[in-house]
Amino acid sequence: MSSAAAAAAANVAVIGGGISGAVCASLLAARGVAVTLFDSGRGAGGRMAQRREVMEDGTELRFDHGAPYFTVTNDEVARVVSGWEARGIVAEWKAMFACFDRATGKFTDFEKEGSAKKYVGVPGMNSICKSLCSEDGVVAKFGVTVDLSLFPRLSVMVQDIPVRPCFALMVAFSEPLAMVPVNGFSFNNSNYLSRAYCDTSKPGRSCVPPNRQSWVLHSTTEYASKVIDTIGPRKPSADALAKVAEELFREFQATGLNIPQPIFMKAHRWGSAFPAIAVGGDDKCVWDKSTKLAICGDFCASPSVEGAVLSAMRGASKILGCLNCPSGL
């Protein structure tokens, strides 16, 4: 059987519509493999999700409450991202970042244009996954829960990987924050907050009215762990999330940056936001030839969007090699 015929005869299931699953599905479909992608969520994105909220007056707000942006250092990943940029689903975020010292109340270590490029999905971080999951050859099925016990190795691995949890706070203001001269910043000397990003400063975002500003704040791992130790691993109740939102926002106001009362505020828990280790070794993925199972994700390469993409590329190559198809990856 020729490699083209082998690809045409193959049908691969991809579990998960986050960036790794979407990239893997796209690469396989581009080689003629029929792909069915399953995800328990309402749509593609995973931790690159964009949250849509509607205020009482009907105004729609959108927040990149997962990964705020990504950078690229690997040449292989850079070529893939270049293709996304050419398609218009990715753009460079020409942002100015800094570090805010909670003790002195000052911004330091300003990082301007010219450092590593920061990329964002357009018009949302989930746009990349949505686009890849809608390509020819990919059949995406959302709202479907897959029983991981059918894949013992995957089930055990997912359970055993240590993770660092995080809470995201989504806030919207009626006007820009006058005392914040940057698009994003990390916090020094804060037990609650690790970083903050201005979502409406990203390319492709719109806000009505135009001067309205949306921010996403991420908690420290220590704070998130303490909360989860108190309420348990179950999905937080609305009251628990409201308390988290209040605590994180009070810490934001305590910076002395003249933070006004928001017109919208909501917290979200990322129970497994960041893997604490990488388990893929040199392969950047876990490959079980006997069952033709490739396990991909940032937990296989590095805790980043780039790591997730690279792992997906490696996993797709393993599958294509098993099918005797030229990978071209």
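Residues numbered from 1 in each chain as written. Predicted model: local features only at pLDDT ≥ 70, side-chain atom pairs only at ≥ 80, totals over all residues. Heavy atoms only, no water.

Looking at an unreviewed UniProt entry, one finds the chain named Amine oxidase domain-containing protein and attributed to Urochloa decumbens.

Draft legend 1. Fine view of the overall build of the chain. A tally of helices and strands in the chain yields eight helices and 16 strands. Its C-alpha atoms give the chain a radius of gyration of 21 Å, near enough to 20 Å, the size a compact globule of 329 residues would have. Along the first, second and third principal axes, the C-alpha set of the chain runs to 70 × 45 × 40 Å. For the chain, buried positions account for 49% of its 329 residues. Here the analysis covers contacts within the chain between residues at least 6 apart in sequence; of these, 71% occur between residues at least 24 apart. Approximately 15,700 Å² of the chain is accessible, and the part contributed by carbon and sulfur atoms is 50%. Charged side chains in the chain number 34 positive and 31 negative. The centres of these two groups are separated by 2 Å. (Helix = DSSP H or I, 4+ residues; strand = E, 2+ residues; numbered from the N terminus. Rg over C-alpha atoms; globule rule 2.2 N^0.38 Å. Buried < 20%, exposed > 50% of the residue type's maximum accessible area, 1.4 Å probe, protein only. Contact = heavy atoms within 4.5 Å. Areas by Shrake-Rupley, 256 points an atom, 1.4 Å probe, with all protein chains shown as cover. Lys, Arg positive; Asp, Glu negative; His and termini not counted. Charge placed at Lys NZ, Arg CZ, Asp CG, Glu CD.)

Draft legend 2. View of the side chain of Ser20. Of note, Ser20 is situated in helix 2 (residues 19-30). Dropping the residues within four chain positions of it, Ser20 is found in contact with Cys296, Gly297, Asp298, Ala308 and Ala312.

Draft legend 3. Looking closely at the pairing of strand 11 (residues 184-188). Bridge analysis of strand 6 (residues 97-101) against strand 11 gives five bridges, and the strand direction is parallel. By the bridge assignment for strand 11, Phe97 is matched with Gly184. Relative to strand 12 (residues 193-198), strand 11 is paired through three bridges, and the arrangement is antiparallel. Its bridge partner being in strand 12, Gly184 is matched across the sheet by Tyr197. Hairpin connection from strand 11 to strand 12: four residues lie between these consecutive antiparallel strands, with Asn189 at a positive phi of about 65 degrees. (Pairing = 2+ DSSP bridges.)

Draft legend 4. Looking closely at the nonpolar core. Counting 47 residues, the largest nonpolar core has Ile19, Val23, Leu28, Phe70, Trp84 and Ile128 as the members making the most contacts within it. Within the residue set of this core, elements represented by two or more residues are strand 1 (11-15), helix 2, strand 2 (34-39), helix 3 (75-87), strand 8 (119-121), helix 4 (127-133) and helix 8 (305-322). Looking at which element gives the most residues to this core, the answer is helix 8, with nine residues. Apart from residues lying up to four places away in sequence, Ile128 is in contact with Ile19, Met48, Phe70, Trp84, Ile89, Val90 and Gly121. (Core = buried A, V, L, I, M, F, W, Y, C linked by side-chain atoms within 4.5 Å.)

Draft legend 5. A look at the packing of aromatic side chains. According to the stated counting rule, one finds 19 aromatic pairs in the structure shown. Ring centres of Phe97 and Tyr197 lie 5.8 Å apart, and the angle between their planes is 45 degrees; this geometry places the pair in the tilted category. One end of the pair, Phe97, is in strand 6; the other, Tyr197, is in strand 12, with 100 residues separating them in the sequence. Tyr197 matches Phe97 in its accessibility class, with the two residues each being buried. Considering the side-chain rings of Phe100 and Phe187, the 6.4 Å spacing of their centres and the 75 degrees angle between planes classify their relative orientation as edge-to-face. Placement of the pair is Phe100 in strand 6 and Phe187 in strand 11, with a sequence separation of 87 residues. Across the pair, exposure class does not vary: Phe100 and Phe187 are buried alike. Three or more aromatic residues joined by ring pairs make a cluster, and in this case those are Phe100, Phe107, Phe110, Phe173, Phe185, Phe187, Trp215, Phe249 and Phe252. A cation over an aromatic ring shows up here: Lys118 above the ring of Phe97, its NZ or CZ 4.7 Å from the ring centre. The ring of Trp93 carries the charged tip of Lys202 above its face, separated from the ring centre by 5.3 Å. (Phe/Tyr/Trp six-rings, centres within 6.5 Å; stacked < 30°, edge-to-face > 60°. Lys NZ or Arg CZ within 6 Å of the ring centre and 35° of its normal.)

Draft legend 6. Representation of the sheet that holds strand 6 in the model. Strand order in the open sheet formed by seven strands is 7-6-11-12-13-10-14, with mixed pairing between adjacent strands. Only two strands of the sheet have a single partner each, and these edge strands are strand 7 (106-111) and strand 14 (264-275). On average, each strand axis in the sheet is inclined to that of its neighbour by 20 degrees, with strand direction left out of account. Against the sheet, helix 6 (residues 221-231) touches strand 10 (163-173), strand 13 (213-219) and strand 14, its axis set at about 100 degrees to strand 10. Lying over the sheet, helix 7 (residues 238-253) contacts strand 10, strand 11, strand 12, strand 13 and strand 14, oriented at roughly 75 degrees with respect to strand 10. (Axes fitted to C-alpha atoms, helices over the stretch in contact; angles between N-to-C directions.)

Draft legend 7. Expanded view of the environment of Thr71. Position of Thr71 among the secondary structure elements: in the loop between strand 4 (60-63) and helix 3. Once the C-alpha coordinates of Thr71 and Trp287 are considered, the two residues, 216 residues apart in sequence, prove to be 26 Å apart. In contact with Thr71, not counting residues within four places along its chain, are Ala116, Lys117, Lys118 and Glu306.

Draft legend 8. Geometry of helix 6. Where helix 6 is concerned, the buried positions are Tyr223, Ala224, Val227, Ile228 and Ile231. What you see down the axis of helix 6 is that its buried residues fit within an arc of 130 degrees, all on one side. Summarising the geometry of helix 6, the exposed residues directed more than 90 degrees from the buried face are Glu222, Lys226, Asp229 and Thr230. Here the buried face of helix 6 lies against strand 10, strand 13, helix 7 and strand 14. (Arc of directions from axis to C-beta.)

Draft legend 9. Local environment of the sheet that holds strand 2. A sheet is described by the order of its strands in space; here three strands give the open sequence 1-2-9, paired in parallel fashion. Of all strands in the sheet, those bounded by a partner on one side alone are strand 1 and strand 9 (138-142). Between one strand and the next, the sheet's axes are offset by a mean angle of 20 degrees, whatever the strand orientation. Note: strand 2 against strand 9, five bridges, orientation parallel. Following the sheet pairing, Leu37 is matched in strand 9 by Ala140. Here helix 2 sits on the sheet and contacts strand 1, strand 2 and strand 9; the angle it forms with strand 2, its principal contact strand, is near 165 degrees.

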